[in-house]
Amino acid sequence: MSASSPALAISLATCNNNPKRLIPSLASDSPLPRLFPNTTVTRTTRLFNSTMRIPKETVSFCLSLFSPTPLSSLVRFRSSFLRRSLLHTKAFPATTGASQLRAAGCSMDEHRETIFGDNLWLHHVACSDGDKKPCIWSSPEGGNNINIGKQIFCNRSLNMKNIVAVGFDMDYTLAQYKPETFESLAYDGTIRKLVYDLGYPQELLEWTFDWKYMVRGLVLDKKRGNILKMDRHKYVKVAYHGFRELSKEDKVGTYGNTLIRDSFDEPDYALIDTLFSLAEAYLFAQLVDFKDNNPGKVPEGADYAHMYKDVRAAVDLCHRDGTLKKMVAKDPKKYINDDTAIVPMLKMLRDSGRSTFLVTNSLWDYTNIVMNFLCRTRTIDGNNTCNFDWLQYFDVVITGSAKPGFFHDDSRANLFEVDLESGMLQNTDDGTPMPQVGEISLRLLPEGQPNGCRVFQGGNVGHLHKLLSIESSSQVLYVGDHIYGDILRSKKVLGWRTMLVVPELEREVELLWELKDMRKQLRLLRNERDHIEDRIHHLKWSLKFEDLNEDNKQQISATLGELEDQRDEKRLSHQQAQRECHQMFHKVWGQLMKTGYQNSRFAHQVERFACLYTSQVSNLSLYSPDKYYRPSEDFMPHEFHILPL
């Protein structure tokens, strides 16, 4: 903490005649007496390196949070109306969020209490982000309150005591790829395939990729060349043709004025539900603009849908010829985030008596390279060469699984056992090794294979259940990143319990916390608009149906004009403030889990199919392996203003 910044301390105070309320105050060397001239403050004790004080007299008001740095320095508002409302309203004083607490000098390894009205939020992480050794629940420092960005959120009750096996996807689940490098690599590879294999013009090679532009949950309209963001009711709220925003009239005319609601599903639409798809969505938008501006330069007969088909074909070519995986294998650190908590998490789950398994669509050679990177320096010998030590943390590994088809028990895919050294496949009978023609005895597992873990390729979920002796599908928790490939099928078809990994969630929830008062102001503005509109409707009704004299009519007409001016001013202020809030999450698409005031289509899918969701897989290490996850109470609109939140 800098010497010029007053120390942030937590104080007990009598606030609005309620001695149970808490307010923060400044340290003894701060100008607190000037702010509370009638209050005498005495030092009582030390708590977590902060000063606890009790005022001798009742203070006349209570601050939610007093900080030397105002919210205006954290978030820049272009709307002067909203800025004045946020910083000067009595109902919602200026506050700061988690990152502002850190900026004010609150260490990540200390308890910090941030008070907003009567709601107390404990912001705590057992170990600082800079620690090399990850802190997990089972460590002496574990079991404390968790940073909101690292929390696991619950849609459906899940008692971990009933879970006997925990499974993981690899790509974008255990292995979190860096979008600025990996997605750029995928984009460049796709461009080259379009030019050299599919006949697109050379000038595409000069294009660049903005990896922050696209987000998950979007829908591509293949026929029209549009990119859409919808709410949970499948109403289009944000729409672009290429990179040109569609007007409200265009949106309604295209997607609103139909006798039969569009399903927005394949084959006319493509769903962007995985991080792998962001690069192809961006390239599709570029091609739409390119075709509109240069109709003679695209291959003959290539409409928007055909161009999307070409993009998908180019992406598949990149995967089939190993372009992407060769580059990742050459330098994994450049493309994959190094999460030091993965191995302790796996070890804790296994120590708790649970089986662990890996099911990935990647083949054995690439899987071994990625898992070696994730587990390097944390396995038996700690060297950086590829070995099989990481297998000690799994009971079964299935590569080349071809999800989501893998989740169908009636799939006839053969299950092969993988020879670790050579990568050769051996026939099995539902996992039992089969002798080859001319062999006298069965081949045994390679000597020294860690923990007896067996590695397979192909098969289906029935094979997996047999290998792990699973008696009920509800005993399995599967963690993945793909709504359709990992979560929906395993949930709907099998009844597995599911956890979705949403890396974007960490930043989103922290920003939500920082902007909570801004969002309250938006709700107030919306309520004021409703109130003014109700008064306008009532006055118009009076003019139309009541028997009024001329003086009353003139008076009502004058009042009506004033109210209509107020309504227009409030509407413009509300729309501008809402757009600014929208753009703070993403300059184009806004909040991932919201579309306007409704949950987004992506959020609706998360709620339907994921029992749990969190920002990264290793967040499991911050919780007890026997934890009972319970959802928050559901509220319908008629309950919000009745039940205390």
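Residues numbered from 1 in each chain as written. Predicted model: local features only at pLDDT ≥ 70, side-chain atom pairs only at ≥ 80, totals over all residues. Heavy atoms only, no water.

A.B. asks: Would you mind going over the overall build of the chain in detail, with residue names and values included?
C.D. replies: A count of helical and extended segments in the chain gives 18 helices and 26 strands. Buried residues in the chain amount to 48% of all 645 residues. Long-range contacts, defined as pairs at least 24 residues apart, comprise 71% of the intrachain contacts of the chain with a sequence gap of at least 6. Of the roughly 32100 Å² of accessible surface on the chain, a fraction of 49% belongs to carbon and sulfur atoms. (Helix = DSSP H or I, 4+ residues; strand = E, 2+ residues; numbered from the N terminus. Buried < 20%, exposed > 50% of the residue type's maximum accessible area, 1.4 Å probe, protein only. Contact = heavy atoms within 4.5 Å. Areas by Shrake-Rupley, 256 points an atom, 1.4 Å probe, with all protein chains shown as cover.)

A.B. asks: Talk me through helix α12 (residues 364-375); I want residue IDs and the actual numbers.
C.D. replies: For α12, with 12 residues, the first-to-last C-alpha span of 16 Å sits near the 16 Å given by 1.5 Å per residue. Burial analysis of α12 places 10 of its 12 residues in the buried class, which makes it a mostly covered element. When α12 is considered as a whole, its buried residues turn out to be W364, Y366, T367, N368, V370, M371, N372, F373, L374 and C375. (Expected span 1.5 Å × (residues − 1).)

A.B. asks: Could you give me a rundown of the environment of Y628, with the residues and numbers involved?
C.D. replies: With respect to the helices and strands, Y628 occurs in strand β26 (residues 628-629). On the accessibility criterion, Y628 (34% relative accessible area) is partly exposed. A sequence separation of 466 residues divides Y628 from N162, and the C-alpha atoms of the two residues are 9.5 Å apart.

A.B. asks: Any chance you could break down the sheet that holds strand β19 (residues 432-433) for me, citing the residues and the numbers?
C.D. replies: In spatial order, the strands read β7-β25-β22-β21-β9-β15-β16-β20-β17-β18-β19; together these 11 strands make up an open sheet with mixed pairing. Only two strands of the sheet have a single neighbouring strand rather than two, namely β7 (153-154) and β19. Here 3 bridges tie strand β17 (residues 415-418) to strand β18 (residues 425-429), and the two strands are oriented antiparallel to one another. Residue E417 lies in a different strand from β18, and its bridge partner there is Q426. (Pairing = 2+ DSSP bridges.)

A.B. asks: Describe in detail the pattern of salt bridges, supporting the description with residues and values.
C.D. replies: Within the structure shown, the criterion is met by 21 salt bridges. As a salt-bridge pair, K150 and E506 come within 3.4 Å of each other at their nearest N and O atoms. Of this pair, K150 sits in the loop between β6 (119-123) and β7 while E506 sits in helix α15 (residues 505-514), and the two are 356 residues apart along the sequence. The exposure class assigned to E506 is partly exposed, which follows from its relative accessible area of 21%. A cluster of three or more residues bridged by salt bridges with shared partners is formed by E280, R312 and D316. (Salt bridge = Lys/Arg side-chain N within 4 Å of Asp/Glu carboxyl O.)

A.B. asks: Give me the lowdown on the environment of K291, citing residues and values where you can.
C.D. replies: Considering the arrangement of structural elements, one finds K291 in helix α7 (residues 278-293). Spatially, the C-alpha atoms of K291 and Y304 are 8.3 Å apart, while their sequence positions differ by 13 residues. The residues contacting K291, other than those within four sequence positions of it, are V298, A302, D303, Y304 and M307.

A.B. asks: Hey, could you go over the packing of aromatic side chains for me, with residue numbers and the actual values?
C.D. replies: Under the criterion given, the structure shown has 30 aromatic pairs. Aromatic side chains Y213 and F243 sit 5.1 Å apart centroid to centroid with 75° between the ring planes, which places their arrangement in the edge-to-face category. Here F243 lies in the loop between β12 (236-241) and β13 (244-245) and Y213 lies in the loop between α5 (179-196) and β10 (218-221), a separation of 30 residues in the sequence. The exposure class assigned to Y213 is buried, which follows from its relative accessible area of 8%. Owing to a relative accessible area of 28%, F243 belongs among the partly exposed residues under this scheme. Here K627 stacks its cationic end above the ring of Y629, 5.6 Å away from the centre of that ring. (Phe/Tyr/Trp six-rings, centres within 6.5 Å; stacked < 30°, edge-to-face > 60°. Lys NZ or Arg CZ within 6 Å of the ring centre and 35° of its normal.)

A.B. asks: Report on the sheet that holds β13, specifying residues and quantitative values.
C.D. replies: One open sheet holds the 5 strands; their spatial order is β13-β12-β11-β10-β14, and the pairing between them is antiparallel. Of all strands in the sheet, those with a lone pairing partner are β13 and β14 (269-272), marking the two edges. Of the pairings in the sheet, the one linking β10 to strand β11 (residues 226-230) comprises 3 bridges and is antiparallel in character. Across the sheet, residue D221 finds its bridge partner in β11, namely N226.

A.B. asks: Any details on the nonpolar core? Residues and values, ideally.
C.D. replies: Residues F168, L174, M214, F394 and W589 are the most contacted members of the largest nonpolar core, which totals 93 residues. In contact with L174, not counting residues within four places along its chain, are F168, D169, I342, M345, L358, M371, L374, F394 and V617. Ranked by size, the runner-up nonpolar core spans 17 residues in total, among them F456, L464, I470 and Y478. (Core = buried A, V, L, I, M, F, W, Y, C linked by side-chain atoms within 4.5 Å.)

A.B. asks: Could you give me a rundown of the pairing of β10, with the residues and numbers involved?
C.D. replies: Burial of β10 is two-sided: the residues L218 and L220 facing one way and the residues V219 and D221 facing the other way are all buried. Note: β10 against β14, 4 bridges, orientation antiparallel. Bridge pairing links V219 to L271 in β14. With antiparallel pairing between neighbouring strands as the criterion, β10 and β11 make up a hairpin whose turn holds 4 residues, including G225 at a positive phi of roughly 75°.

A.B. asks: Quick one: what's the story with unusual backbone geometry, residue by residue and with numbers?
C.D. replies: Peptide bonds are mostly trans, and most non-glycine residues show a negative phi. A cis amide bond links E266 with the next residue in sequence, P267, at an omega value of 10°. Positionally, P267 belongs in the loop between α6 (248-255) and β14. Cis geometry marks the peptide bond from K403 to P404; its omega dihedral reads 5°. Following the sequence through the fold, P404 ends up in the loop between β16 (396-399) and β17. The phi dihedral of Y172 is positive, around 65°, even though this residue is not glycine. For Y172, the location among the structural elements is in the loop between β9 (165-168) and α5. With relative accessibility at 2%, the residue Y172 sits in the buried group. For A402, which is not a glycine, the phi torsion comes out positive at approximately 60°. Along the chain, A402 turns up in the loop between β16 and β17.

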